[in-house]
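One-letter residues, chain by chain:
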Amino acid sequence: MDVIEVRNLHKRYRDHVAVDDVSFAVASGEIFGILGPNGAGKTTTVECVSGLREPDGGSVRVTGLDPVTQRADLRRVLGVQLQSAALPDKIKVWEALDLYASFYPDPADWRELMDQVGLAAKRDTAFAKLSGGQRQRLSVALALVGRPRVAVLDELTTGLDPQARRDSWELVEQVRDTGVTIVLVTHFMEEAERLCDRVALIDAGRVVAVDSPAGLTGRVGGGQRVRFRPTVPFDDALLLALPEVTDVSRTGDRVVVTGDGNLAPAVTLALAEKGVVPDDLRIERATLDDAFLALTGRKLA
Ligand SMILES: Nc1ncnc2c1ncn2[C@@H]1O[C@H](COP(=O)(O)OP(=O)(O)OP(=O)(O)O)[C@@H](O)[C@H]1O
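Residues numbered from 1 in each chain as written. Predicted model: local features only at pLDDT ≥ 70, side-chain atom pairs only at ≥ 80, totals over all residues.

**Q** Would you mind showing me how to read the pairing of strand 12 (residues 254-259) here?
**A** Here is the key point about a regular strand: its side chains alternate between the two faces of the sheet. Of the two faces of strand 12, the one holding V255, V257 and G259 is buried and the one holding R254, V256 and T258 is not buried anywhere. Here strand 10 (residues 224-230) runs beside strand 12; their pairing, made up of 5 bridges, is antiparallel. Its bridge partner being in strand 12, V226 is matched across the sheet by V257. The pairing of strand 11 (residues 245-251) with strand 12 spans 6 bridges and is antiparallel. Opposite V245, over in strand 12, you have G259 as the bridge partner. (Buried ≥ 20, exposed ≤ 12 C-beta atoms within 10 Å, placed from the backbone. Helix = DSSP H or I, 4+ residues; strand = E, 2+ residues; numbered from the N terminus. Pairing = 2+ DSSP bridges.)

Structural data, given as structure tokens:
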């Protein structure tokens, strides 16, 4: 069942088109990523989904609700953590949670949420004294305090160090395991690869592709590369004859073989038959960045 349906969304700021034509559907229980470079229109898209901006064209439904005309109902099913959400400097962690809980008729137990996001020890700490990661975790807790069915998390891990980022990823997975559908806006391909069941690649206000991370990287021709140093010389034709291989190139004493399918086993077997040992063998797979480049001609970062 789809909990979010976005059809031909269009949004302008004066004469600047931020979202040109965006369509996607998010299924119940999935982590759905919206991935694209800066300025692609990701935030504007989720702001329209969250009822914070009114689309100029197209339609948005969240659990069947129109975010513009049914905003009050939407607040009961959708929680949102926005980029750089600011709280008053002096508000304590528990006070912020208690305040947000008071906005909802049937809020979650904020003490449990505070534990879940790992902020119990920071209960009495003022917002201004929290680290970047702690602020992000507080904002996730605030997005969840109304027991939403859908949580929108925008650039959750931007500005965090690698450890805090990994902790946030675990938190997102825990939230999904409680049955919440998650829309995750990001411009980090590792984050999308690691967390998302499906990803919409967005560029210049348009959806380039929607698929699983593996499905997206699988669209890149020659999606795998095998690099090695051969112990004895061999003829490229040996590998080019394999159905898995699309290209063989050499830089210095290294050979780079590009291809698909069971590339590495096919290459090593063919080499072994000729008595060639592939020293220092490395296998590289296409990333979402490669997929974005193949689909748009531009890099993500
Ligand atoms: N309030 C606004 N007024 C005018 N232009 C805006 C406004 N908000 C965003 N834009 C412009 O609309 C385009 C899309 O912005 P948006 O924030 O949706 O992109 P994004 O993909 O989320 O980028 P980022 O990752 O940098 O936030 C950008 O060109 C941006 O400069």
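**Q** Which parts of the structure should I look at to understand the sheet that holds strand 11?
**A** Each strand in a sheet pairs with another by means of backbone hydrogen bonds, the pair being arranged parallel or else antiparallel. With antiparallel pairing, 4 strands are arranged side by side in an open sheet as 11-12-10-13. Two strands lie at the open edges of the sheet, namely strand 11 and strand 13 (278-285), each paired on one side alone. Geometrically, the sheet is characterised by an average inter-axis angle of 20 degrees between neighbouring strands, direction not taken into account. Where helix 10 (residues 263-273) meets the sheet, it contacts strand 10, strand 12 and strand 13, and its direction lies at approximately 25 degrees from that of strand 10. (Axes fitted to C-alpha atoms, helices over the stretch in contact; angles between N-to-C directions. Contact = placed C-beta atoms within 7 Å.)

**Q** Looking at this structure, how should I read the site of the ligand?
**A** Lining the immediate surroundings of the ligand are Y13, H16, A18, G36, N38, G39, A40, G41, K42, T43, T44 and H187. Per-element accounting of the shell around the ligand gives the leading share, 3 residues, to helix 1 (residues 42-49). Within the shell around the ligand, the residues separate by chemical class into 3 nonpolar, 8 polar and 1 charged. (Near = placed C-beta within 6 Å. Nonpolar A, V, L, I, M, F, W, Y, C, P; charged D, E, K, R; others polar.)

**Q** Even after reading the chapter, I still don't get the packing of helix 5 (residues 132-144) against helix 6 (residues 162-177), so can you show me in this structure?
**A** In a packed pair of helices, the relevant descriptors are the angle between the two axes and the axis-to-axis distance. Running from N to C, helix 5 and helix 6 point in directions that differ by 15 degrees, and their axes come no closer than 10 Å. Taken together, helix 5 and helix 6 sit at an angle that is classed as roughly parallel. Here helix 5 runs over helix 6; the crossing is right-handed. Of the residues in helix 6, those touching helix 5 at G132, G133, Q136, R137, V140 and L144 are A164, D167, S168, L171 and V175. Residues that form the contact of helix 5 with helix 6 fall into these classes: 5 nonpolar, 4 polar and 2 charged. (Parallel < 35°, antiparallel > 145°, perpendicular 65-115°, else oblique. Left-handed = near helix turned anticlockwise from the far one by under 90°.)

**Q** Please explain the environment of T181 as it appears in this structure.
**A** For T181, the position within the fold is in strand 7 (residues 181-186). Taking the C-beta count within 10 Å as the criterion, T181 has 26 such neighbours and is therefore assigned buried. Spatially, the C-alpha atoms of T181 and P148 are 8.8 Å apart, while their sequence positions differ by 33 residues. Setting aside anything within four residues of it in sequence, one finds T181 in contact with V3, V26, S28, G29, E30, R149 and V150.

**Q** Whenever I open this one, the domain arrangement of the protein chain confuses me. Can you help?
**A** We note that the domain assignment places domain 1 (2-217) and domain 2 (221-285) within the protein chain. On a C-alpha basis, the centres of domain 1 and domain 2 stand 43 Å from each other. (Domains from an automatic or database assignment.)

**Q** Quick question: what am I supposed to make of the nonpolar core here?
**A** Taken as a class, soluble globular proteins show a tendency for nonpolar side chains to be buried jointly. Core analysis: the largest hydrophobic core is formed by 67 residues, its most contacted members being L97, A141, L153, I182, V183 and L184. In terms of residue count, helix 5 provides more of this core than any other element does, 6 residues in total. Not counting the four nearest positions on each side in its chain, A141 is found in contact with L97, L113, M114, V117 and L119. Judged by nonpolar contacts, the second largest core, of 10 residues, contains V226, V245, V257 and V276. (Core = buried A, V, L, I, M, F, W, Y, C linked by C-beta atoms within 7 Å.)

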